[in-house]
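Observations on chain architecture
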Amino acid sequence: MDTESSDTLAYDDKPSMQIFGSQIAESNKSRIHTVDISKKLIQTCSTPIFRYFLDGSRHTYKIDDIAIGKRIFPFLAGQIIVGCCERKDKDSFKKVEVHHKLVLSLPVDFNVDDDENYCKLFLEKINNQILQLPFISSSGIHFDDILLYETDALSKDERGKDGLQNRGIARIQTVMTDDEQLLVANLCKQNRLDDENWLIKDGSLEYTPSARLKDDEWLKMRNNYQYVVGVSKQFNPDLILDFEKNKLSKTIASLKPFQRTKVYRYTIDQCQVEFAIWYLRLRNSDFRETHFSDVVKCEMIIPTEGGFIDSDTIDIISANLIREAYPICYGADTRWTNHLYPVFLTEKYCKSNYIDNNIILNLF
């Protein structure tokens, strides 16, 4: 049995994202490449607009291979953590909500009778066997769901020995992102998010519709994410073209401290929501390993189709993000140059809820 610790992807970006001809998505449409965030604006952000911090991560495990008919399929398990922390003031930082799930990921062929009760009964059997283990009986550890991945012909991009395994991992990833959206929806139902209480979501907002979420839940995303900013530490700098149809990577690499790019518009496949994206250099660092150290990718939902986000709002958000980069988690995380400190704390808290990998592997 192999363990695969997969908290992050190489990039947060989805290759399916589509650029609207490099259209600018902020109210100031001046054709300039970068915008300076003034030190005066940064200094006036002494009362932060960000109050909530959301992180999702998952570990996946290759348990075994199973034979169904004449084919061999990977049998996977996954741990999913989605958590949110709140900072009421400079002396208070605590959890709001944390979701911890254990799931199994199996081929759709496993459900031989195409009967949802078959998987339900198998899950009950697994959990009953787990209860017999002496080190588990009092812990409450159990598997919450069985996820079925498709096994039809692999596309050109999926071909290779890990093609089906990646499909299984993708199903686990989808549950994690669905839970992130549901957590944000819960905050909105409780009226916790507004123009004075924003949320930073660690990673991209590039969600795609999921069968697990009802249509109305997905369509509410535009309203739910009005006061949410996605901040990615890792990104593909060649993914975006600027207004001159050149790759944005050169502009991103040459950003000076406390500068941002213009805000661009994009969407993703099967998605009715438009996104705004910009890149921001957080600090003036003498320890820059690459041209993209200290740079984060920032995303917001555009509230109306074809609409724009106010440029002054973008500058205020950027100034607040710069302040959130201090204190520095130097030495505590290899990604410290691109980290926001409250996001680092939220990640650390969420990962403290993981069950030890050896315990998971010894369940089978």
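Below is a summary of the structure that appears in this document. Keep in mind it's a predicted model, so treat the numbers as computed, not measured. (Residues numbered from 1 in each chain as written. Predicted model: local features only at pLDDT ≥ 70, side-chain atom pairs only at ≥ 80, totals over all residues. Heavy atoms only, no water.)

From N to C terminus, the chain includes 9 helices and 13 strands. A total of 364 residues make up the chain; the buried ones form 50% of that total. Carbon together with sulfur atoms contributes 47% to the accessible area of the chain, which is approximately 17900 Å² in total. (Helix = DSSP H or I, 4+ residues; strand = E, 2+ residues; numbered from the N terminus. Buried < 20%, exposed > 50% of the residue type's maximum accessible area, 1.4 Å probe, protein only. Areas by Shrake-Rupley, 256 points an atom, 1.4 Å probe, with all protein chains shown as cover.)

Turning to the pattern of salt bridges, a few remarks are in order. The final tally for this structure, using the stated rule, is 17 salt bridges. As a salt-bridge pair, Glu-206 and Lys-297 come within 2.9 Å of each other at their nearest N and O atoms. Of this pair, Glu-206 sits in the loop between strand E8 (198–202) and helix H4 (215–219) while Lys-297 sits in strand E13 (residues 295–301); the two residues are 91 residues apart in sequence, bridging distant segments of the chain. Under the relative-accessibility criterion, Glu-206 is labelled buried at 1%. Residue Glu-274 is joined to Arg-265 by a salt bridge in which the shortest nitrogen-to-oxygen separation is 2.9 Å. A single burial state applies to Glu-274 and to Arg-265, both of which are buried. Among the charged side chains, a network of salt bridges with common partners joins Glu-26, Arg-260, Lys-262 and Asp-315. (Salt bridge = Lys/Arg side-chain N within 4 Å of Asp/Glu carboxyl O.)

A word on empty space enclosed by the protein. Using the criterion set out here, one finds 1 cavity of 30 Å³ or more in the structure. Space inside the largest cavity adds up to approximately 30 Å³. In terms of lining residues, the largest cavity is bounded by Asp-202, Val-231, Lys-233, Asn-338, Leu-340 and Val-343. For the lining of the largest cavity, the class distribution of residues is 3 nonpolar, 1 polar and 2 charged. (1 Å grid on protein atoms, 1.4 Å probe; cavity = no way out; pocket = protein on both sides within 12 Å on 5 of 7 lines; lining within 4 Å. Points joined across faces, edges and corners; volume = space filled by probe spheres on them. Nonpolar A, V, L, I, M, F, W, Y, C, P; charged D, E, K, R; others polar.)

With respect to burial, strand E11 (residues 264–268) is a largely interior element, 5 of its 5 residues being buried. When E11 meets strand E12 (residues 275–281), the two strands line up antiparallel, connected through 3 bridges. Across the sheet, Tyr-266 pairs through a bridge with Phe-275, a residue of E12. (Pairing = 2+ DSSP bridges.)

Looking at the element boundaries, Asp-55 is found in strand E4 (residues 50–68). Setting aside anything within four residues of it in sequence, one finds Asp-55 in contact with Ile-81, Val-82, Gly-83, Glu-180, Asp-202, Thr-346, Glu-347 and Cys-350. (Contact = heavy atoms within 4.5 Å.)

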